[in-house]
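# Architecture at a glance
For reference, the chains in residue letters:
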Amino acid sequence: MKDYQIALIPGDGIGLEVTPEGVRVLDAVAEVTGDFRMHYTSFPWGCQYYLETGRMMPEDGTDILKPYDALYFGAVGLPAKVPDHISLRDLLIRLRMEFDQYICLRPCRLLPGVKSPLAGRKPGDIDMVIVRENTEGEYSGCGGLSHPGMPMEAALETSVVTRAGAERVIRSSFDLAMKRKKRLICVTKSNAQRHTMTLWDRCFADVAREYPEVATEYMLVDAMAARMILRPETIDVAVASNLFGDILTDVGGAISGSLGIAPSANINPERRFPSMFEPVHGSAPDIMGKGIADPIAMIWTGGMMLDFLGHGEAAGLIEKAITAVTEEGTSLGPDLGGSASTTQITDAIIAKIRAM
């Protein structure tokens, strides 16, 4: 039996509510399979920690987390108390960058029993993965202000694309496409961003020569957003820059029925640092404390963590249980048109796991 040390960072808002639910499911599937045990250490980092200490996490936070096998992250952000550019940059983006989690995997799938806002769509019509570059691009943090507070105040935000950074995420997306339908879309905006995105396109073309079996396309990001809505069944795997991937995966979550069911993984493929697993939905301050946050995204994200750790069977059990619950339709949250509470949804998923 394999033992894992997992760092829990519930964070803010509904992250504090869905993280314990994800842990319950991980423990249930561990008990059912008998293949592993999870040992958790919880860290109270986030906006409340910032209000108390002036930091989103300790200065040596990454040193503290480095020995862990994985990070299980809830959400970050309480904009009424801490500006988003501080909370996101100093916790989530810092962890992604310092742990070189350069691959962000975000599946977008329409589950049985879930209604898409796109008319006539059924399970199988929406089943794609967006591979997002996660450590540079538009979120590199390069830039600054001049003449702050003055009439001539100016702000500069510089996108950074390196050949090494682009090639490694593009190569990973080709590897994923080889395991799926051998179709890959390069998301770009090289008609307007003539330096960064033309380099991105050239890197894609160079790597594509190594994968002659994969059918490739180039799509401008605005056209890609429209295609996700109009023809989602034509998309299998797409690779995008940090900002483009972030925006497109919110579209993907929406057309799949709810951001409350959208999982995500921040991966360091070489495993030199721990990878981090977080749902797409964010902290959702408008519903925090109401007991109605959908835990499916966090639970599915936990399944992605298990798959990364080498427990594909356990990950499959979680996905099958989620699918069984959504298809049955009696334990859905308000985001999916039901009335089940956060805990009731988790209870239903655990019951399915134990029955399989």
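Residues numbered from 1 in each chain as written. Predicted model: local features only at pLDDT ≥ 70, side-chain atom pairs only at ≥ 80, totals over all residues. Heavy atoms only, no water.

### Here's the deal with the overall build of the protein chain
Note the threshold: Strands are runs of DSSP state E lasting at least two residues, helices are runs of H or I lasting at least four, and both sets are numbered from the N terminus onward. What the globule rule says is 2.2 Å times the number of residues to the power 0.38, and the radius of gyration is computed from C-alpha atoms. Each residue is assigned to one of three classes by its accessible area relative to the maximum for its type, calculated with a 1.4 Å probe on protein chains only: buried under 20%, partly exposed between the two thresholds, exposed over 50%. Note on contacts: a residue pair qualifies if any of its non-hydrogen atoms lie within 4.5 Å across the two residues. Using the Shrake-Rupley algorithm and a 1.4 Å probe, accessible areas are obtained, with residue cover drawn only from the displayed protein chains.
Scanning the protein chain from terminus to terminus reveals 11 helices and 12 strands. The C-alpha atoms of the protein chain give 20 Å as radius of gyration, which agrees with the globular expectation for 356 residues (21 Å, within 12%). Along the first, second and third principal axes, the C-alpha atoms of the protein chain reach 55 × 50 × 40 Å. Looking at the protein chain residue by residue over its 356 residues, the buried ones come to 54%. Expressed as a percentage of contacts within the protein chain between residues at least 6 apart in sequence, the contacts between residues at least 24 apart total 76%. For the protein chain, the accessible area works out to roughly 15000 Å², and carbon and sulfur atoms hold 54% of it.

### Some thoughts on the environment of Ile247
Checked against the element boundaries, Ile247 lands in helix H8 (residues 242-255). Taking the C-alpha atoms as reference points, Ile247 and Phe43, separated by 204 residues in sequence, lie 29 Å from one another.

### Topic: the sheet that holds strand E4 (residues 103-109)
The condition that has to hold: Any two strands are treated as partners once DSSP identifies two or more bridges connecting them. Note on definitions: angles span 0 to 180 degrees between N-to-C directions of axes, and those axes are lines fitted to C-alpha atoms, for helices only across the stretch in contact.
Reading across from one edge, E2-E1-E3-E12-E11-E4-E5-E10-E8-E9 is the order of the 10 strands in this open sheet, with mixed pairing throughout. In the strand order of this sheet, the two ends are held by strand E2 (36-42) and strand E9 (215-220), each with one partner. When the angles between neighbouring strand axes are averaged without regard to direction, this sheet yields 25°. Packed on one face of the sheet, helix H6 (residues 196-208) meets strand E5 (127-133), strand E8 (183-188), E9 and strand E10 (237-240) and runs near 160° to E8.

### Thoughts on the pattern of salt bridges
The following threshold applies: By salt bridge we mean one thing: a side-chain nitrogen of Lys or Arg within 4 Å of a carboxyl oxygen of Asp or Glu.
Tallying each qualifying case throughout the model produces 24 salt bridges. The residue Glu217 makes a salt bridge to Arg227 at a minimum N-O spacing of 2.9 Å. Remark: Arg227 occurs in helix H7 (residues 221-230) and Glu217 occurs in strand E9; sequence separation between them is 10 residues. Salt bridges linked by common partners bring Arg109, Asp127, Arg180, Asp236 and Glu319 together as one network.

### So, empty space enclosed by the protein
So the rule is basically this: Buriedness of a pocket was judged along seven lines, with at least five required to meet protein on both sides within 12 Å; pockets are open sets of points on a 1 Å grid over the protein atoms alone, cavities are sets where a 1.4 Å probe fits but cannot get out, and lining residues have an atom within 4 Å of a point. Grid points are joined across faces, edges and corners, and a volume is the space filled by probe spheres set on the points. Under the scheme applied, nonpolar residues are Ala, Val, Leu, Ile, Met, Phe, Trp, Tyr, Cys and Pro; charged residues are Asp, Glu, Lys and Arg; polar residues are all the others, including Gly.
Applying the stated criterion to the full structure yields one cavity of 30 Å³ or more. Around the largest cavity, the lining residues are Pro107, Cys108, Arg109, Gly252, Gly253, Ser256, Ser258, Ile261, Ala262, Pro263 and Trp300. Residue assignment for the lining of the largest cavity shows that the elements contributing at least two residues are E4 and H8. Of all the elements, E4 adds the most residues to the lining of the largest cavity, at three residues. Tallied by class, the residues present in the lining of the largest cavity amount to six nonpolar, four polar and one charged.

### Quick notes on the packing of helix H5 (residues 163-179) against H6
Definition in use: We call two directions roughly parallel when the angle between them is under 35 degrees, roughly antiparallel when it is over 145, roughly perpendicular when it lies between 65 and 115, and oblique otherwise. Each crossing is labelled by how the near helix is turned from the far one, with a counterclockwise turn of less than a right angle marking it left-handed and a clockwise turn marking it right-handed.
Two elements in contact, H5 and H6, have axes separated by 9 Å at closest approach and are oriented at 45°. Judged by the angle between their axes, H5 and H6 are oblique. Considering how the two elements wind past one another, H5 and H6 form a crossing that is right-handed. Here Arg163, Ala166, Glu167, Val169, Ile170, Arg171 and Phe174 of H5 lie close against H6, whose contacting residues are Leu199, Trp200, Arg202, Cys203, Phe204, Asp206, Val207 and Ala208. Its residues assigned to classes, the contact of H5 with H6 comprises 10 nonpolar, no polar and five charged.

### Considering unusual backbone geometry
Of note, Asp100 is a non-glycine position whose phi angle comes to about 50°, a positive value. Examined against the element boundaries, Asp100 turns out to sit in the loop between helix H4 (84-98) and E4. Asp100 sits in the buried class, given a relative accessible area of 13%.

### Comments concerning the environment of His281
Within the element layout of this structure, His281 appears in the loop between strand E12 (275-277) and helix H9 (296-308). For His281, a relative accessible area of 16% puts it in the buried group. Sequence-wise, His281 and Asp347 are 66 residues apart; in three dimensions their C-alpha atoms are separated by 21 Å.

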